[in-house]
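# Reading the structure
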Amino acid sequence: MKEPSNTPRDIARELARKYSTMTHDELDVLESILVPMKFAKGEMILKEGEVCRSIYYLDKGMIRQFYYKNSKEVTEHLGEDHTIFMCIESLFKEEPTLLQVEALETSMIYAIPKAALEREAMRNINIQMMYRKILEESLIISQVHADLVRFETAQNRYKRMCKLAPQVILRAPLIYIANYLQMTPETLSRVRTSTLLED
């Protein structure tokens, strides 16, 4: 049986639960600015050169954020159900992004346009709180990834990711997991085998 899909009201409640408490009126406001979007597997959500004008809430599906360096793809983020993603530099500088975002599965996404969110955050303290918490979370996720690839061994990188994002490990193509963890697919295979043997 197919799960009923979430309504914008459900998403507003989910965001409020996760990031801030909200009054009935604030939920109405948040619901009114959410923009539902659906992407097929392999479809681009954001292309290089576009300006990121929204924070995105991934209701169901999986995405990857990547960029090109020396003509090679570098995976910067893998996101799964019930997580936020954005191209933060493009969002705040209002400049074209170097990052691209691709749907790795059919994905149901709700865009929260930055202009509308900031307008409402000026009038609603709990929406302001939600906005701040989302940005904090985004910065922490970036820092965790940076520290992971800077300080951890290949084995520990994989183990940490298994704890932090088990769904990504199960569902994302191995080539992207390896790329995100800054190792070759061969190294990832070795690491996975030795981790399984330990367990």
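Data block above holds the structure.
Residues numbered from 1 in each chain as written. Predicted model: local features only at pLDDT ≥ 70, side-chain atom pairs only at ≥ 80, totals over all residues. Heavy atoms only, no water.

### What to know about unusual backbone geometry
- Of note in this structure, Ser71 is not a glycine but carries a positive phi near 65°.
- Structurally, Ser71 can be placed in the loop between β4 (62-69) and β5 (72-80).
- Of the residues examined, Ser71 reaches a relative accessible area of 72% and is grouped as exposed. (Helix = DSSP H or I, 4+ residues; strand = E, 2+ residues; numbered from the N terminus. Buried < 20%, exposed > 50% of the residue type's maximum accessible area, 1.4 Å probe, protein only.)

### Some remarks on the sheet that holds β5
- With antiparallel pairing, four strands are arranged side by side in an open sheet as β2-β7-β4-β5. The sheet is open, and its two edges are formed by β2 (44-46) and β5, each paired on a single side. For this sheet the average axis-to-axis angle between neighbouring strands, irrespective of direction, equals 30°.
- For β4 and strand β7 (residues 100-103), the ladder comprises four bridges, and the chain directions are antiparallel. Within the sheet, the bridge partner assigned to Ile63 lies in β7 and is Ala103. (Pairing = 2+ DSSP bridges. Axes fitted to C-alpha atoms, helices over the stretch in contact; angles between N-to-C directions.)

### Description of the pairing of β4
- Here β4 runs beside β5; their pairing, made up of eight bridges, is antiparallel. Residue pairing across strands places Gln65 opposite His77, the latter belonging to β5.

### Here's the deal with the packing of helix α5 (residues 125-151) against helix α6 (residues 154-164)
- In contact at an axis separation of 10 Å, α5 and α6 are set at 155° when each is read in the N-to-C sense. The pairing of α5 with α6 is recorded here as roughly antiparallel in orientation. Between α5 and α6 the crossing geometry is right-handed. Along its contact with α5, which presents Val144, Leu148 and Val149, the element α6 presents Arg157, Arg160 and Leu164.
- Taken together, the residues of the contact of α5 with α6 break down into four nonpolar, no polar and two charged. (Parallel < 35°, antiparallel > 145°, perpendicular 65-115°, else oblique. Left-handed = near helix turned anticlockwise from the far one by under 90°. Contact = heavy atoms within 4.5 Å. Nonpolar A, V, L, I, M, F, W, Y, C, P; charged D, E, K, R; others polar.)

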